[in-house]
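Survey of secondary and tertiary structure
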Amino acid sequence: GDSKRACGTCTAEQIQRYQGKISGPILDRIDLHIEVPAIPAELLTSKKETGTRSETIRERVIKTREIQLQRSGKLNQGLNNKDLETWCMPEPKGMQLLHRAIDQLGLSARAYHRILKVSRTIADLDNSEPVTLTHVAEAISYRKLDRP
């Protein structure tokens, strides 16, 4: 899966066949499917700090968890289908995008529910009460392996 160099032993067909061994029902149970590219040597060996500090990220996560617990008494991952309707429904443009993604990607009900939960979490991290088009788009982008 490295975009800079091909596998020295596997053909593209073999890689695709291997990735196809992960069944749809198992993929549906995984919230995020993303590719993590290799870090370039210059960045890896640089002494200069880049990105967000761990402490800052930790504080955001703690705050987000508190928001979720105050709102519904549980974390977003623990929301049931009725809770999703109450707390996770996107604004109309976000819902339109989600409908298109369901049709184009052939998403299951479970994948749809996972996208709603991840969208709500992204909105919480963004300190946003409504779940917007941007939040839904980001959540869909994390479903890399749902692509036809």
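Here is a short report on the structure shown in this document. Worth saying up front: this structure is predicted, and the values here are computed from it rather than measured.

This paragraph deals with the overall build of the chain. Check the secondary structure of the chain and you find eight helices and zero strands. Sequence-ordered secondary structure for the chain, helices as α and strands as β, is α-α-α-α-α-α-α-α. Summarising its shape, the C-alpha atoms of the chain cover approximately 50 × 45 × 25 Å along the three principal directions. Counting contacts in the chain only where the partners sit at least 6 residues apart, residues at least 24 apart contribute 66% of the total.

For the rest of this paragraph, the subject is the nonpolar core. Counting 20 residues, the largest nonpolar core has L98, L107, I115, L116, V136 and I140 as the members making the most contacts within it. At the level of elements, α6 (92-105), α7 (109-125) and α8 (133-141) are the ones that each hand at least two residues to this core. No other element matches α7, which puts seven residues into this core. When near neighbours in sequence (up to four residues on either side) are disregarded, L98 contacts Y112, I115, L116, V136 and I140.

What follows covers the pattern of salt bridges. For the structure on display, the rule yields six salt bridges. Note that D83 and K74 form a salt bridge whose closest N and O atoms lie 2.9 Å from each other. K74 sits in the partly exposed class, given a relative accessible area of 28%. Through salt bridges with shared partners, one network takes in R71, R120 and D124.

Phi at N127 is positive, roughly 55°, even though this residue is not glycine. As for its placement among the helices and strands, N127 is situated in the loop between α7 and α8.

Each value, and the rule that gives it
Residues numbered from 1 in each chain as written. Predicted model: local features only at pLDDT ≥ 70, side-chain atom pairs only at ≥ 80, totals over all residues. Heavy atoms only, no water. Helix = DSSP H or I, 4+ residues; strand = E, 2+ residues; numbered from the N terminus. Contact = heavy atoms within 4.5 Å. Core = buried A, V, L, I, M, F, W, Y, C linked by side-chain atoms within 4.5 Å. Buried < 20%, exposed > 50% of the residue type's maximum accessible area, 1.4 Å probe, protein only. Salt bridge = Lys/Arg side-chain N within 4 Å of Asp/Glu carboxyl O.

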